[in-house]
Amino acid sequence: MALRTLASKKALSLALGGARPLAAARGVTTVALPDLSYDFGALEPAISGEIMHLHHQKHHATYVANYNKALEQLDAAVAKGDASAVVQLQGAIKFNGGGHVNHSIFWKNLKPISEGGGEPPHGKLGWAIDEDFGSFEALVKKMNAEGAALQGSGWVWLALDKEAKKLSVETTANQDPLVTKGASLVPLLGIDVWEHAYYLQYKNVRPDYLNNIWKVMNWKYAGEVYDTTLA
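No experiment lies behind these values; they were computed from the predicted model shown.

A. Looking closely at helix H6 (residues 136-149). With 14 residues, H6 ought to run about 20 Å at 1.5 Å a step, and its terminal C-alpha atoms sit 20 Å apart, in line with that. Residues of H6 that are buried in the fold lie against helix H5 (123-133), strand S1 (154-161), strand S2 (166-173), strand S3 (185-192), helix H8 (206-213) and helix H9 (219-230).

B. Region of interest: the pattern of salt bridges. For the coordinates displayed, the defined rule picks out four salt bridges. One salt bridge connects Lys166 with Asp132, and the closest N-O pair in it is separated by 3.3 Å. On the criterion of sequence distance, the pair formed by Lys166 in strand S2 and Asp132 in helix H5 is long-range, its members being 34 residues apart. Note on Lys166: relative accessible area 44%, which makes it partly exposed. The partner of Lys142 in a salt bridge is Glu146, and the shortest N-O contact between them spans 3.0 Å. Residue Lys142 and its partner Glu146 are located together in helix H6, separated by four residues, close to a single helical turn. On the basis of relative accessible area, Glu146 is assigned to the partly exposed category, the value being 26%.

C. Highlighting the packing of aromatic side chains. On inspection of all chains with the given rule, the structure shows nine aromatic pairs. Between Phe106 and Trp107, the ring centres sit 5.5 Å apart and the planes meet at 50 degrees, which makes this aromatic pair tilted. The pair formed by Phe106 and Trp107 is uniform in burial state, with each residue classed as buried. For the ring pair Phe106 and Trp155, a centre distance of 5.6 Å and an interplane angle of 85 degrees mean the geometry is edge-to-face. Here Trp155 lies in strand S1 and Phe106 lies in helix H4 (residues 83-108), a separation of 49 residues in the sequence. As far as burial versus exposure is concerned, Phe106 and Trp155 are alike and both buried. Aromatic rings pair up to connect Phe106, Trp107, Trp155 and Trp157 into one cluster.

D. Molecular detail of the packing of H5 against H9. Where H5 contacts H9, the two axes come as close as 8 Å, and the packing angle between them is 90 degrees. Viewed along their axes, H5 and H9 adopt a mutual orientation that is roughly perpendicular. Counted together, Lys124, Leu125, Ala128 and Ile129 of H5 and Trp219, Ala222, Gly223, Tyr226 and Asp227 of H9 form the full contact between these two elements. When its residues are assigned to classes, the contact of H5 with H9 shows six nonpolar, one polar and two charged.

E. The pairing of S3, seen in detail. For S3, the tally of buried residues reaches eight of eight residues, placing the bulk of the element in the interior. Where S1 and S3 come together, seven bridges link them in antiparallel fashion. Within the sheet, the bridge partner assigned to Leu160 lies in S3 and is Val186.

Cut-offs applied
Residues numbered from 1 in each chain as written. Predicted model: local features only at pLDDT ≥ 70, side-chain atom pairs only at ≥ 80, totals over all residues. Heavy atoms only, no water. Helix = DSSP H or I, 4+ residues; strand = E, 2+ residues; numbered from the N terminus. Expected span 1.5 Å × (residues − 1). Contact = heavy atoms within 4.5 Å. Salt bridge = Lys/Arg side-chain N within 4 Å of Asp/Glu carboxyl O. Buried < 20%, exposed > 50% of the residue type's maximum accessible area, 1.4 Å probe, protein only. Phe/Tyr/Trp six-rings, centres within 6.5 Å; stacked < 30°, edge-to-face > 60°. Axes fitted to C-alpha atoms, helices over the stretch in contact; angles between N-to-C directions. Parallel < 35°, antiparallel > 145°, perpendicular 65-115°, else oblique. Nonpolar A, V, L, I, M, F, W, Y, C, P; charged D, E, K, R; others polar. Pairing = 2+ DSSP bridges.

Put into structure tokens, the structure is as follows:
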């Protein structure tokens, strides 16, 4: 798996959400911290500017740095034929690469209220939600319940099974991306339920964070992903 990954740098970049490639010492395709399309404080009062700054500039940036470092170490290990090192690096690549993938989606899932954040989904996605969950309110209730019940750290997702053409709610542990639950699952919305996403503002009351994040949810983005996937 590692050899195939290194042999196809373009495929690796696409697998990580189309991240911008940077030139690295040995030609390894690394990733960069994506810019936000809004100011850190633009999601207040749902999410504080302090949380957004730390979340983006510290946590996501650390995943990017550690992922790139692990890729370069993997390249060196493969070049030396060090199979033990190749195997050992898989955990760091999955964790930090997953952290980058998940957060890159998360930033797009959010939008200031002044720019339409929180507006309910319309079009095909809105109809699909009604069909698969009964109502938009029922979907929100289900995602909040599963997110609140998730033990430890992880994510709760609104997923589209592109083969079955059906929506589902999924959870993943730690920084596992949604693809680890099934190759046909496409993330439409992901909510980060790690404490770093809410603790400075909501303390240990995760349900309050989950209730308020819907006020800044970018359903337009989710709808575009849904339409593109099924086109």
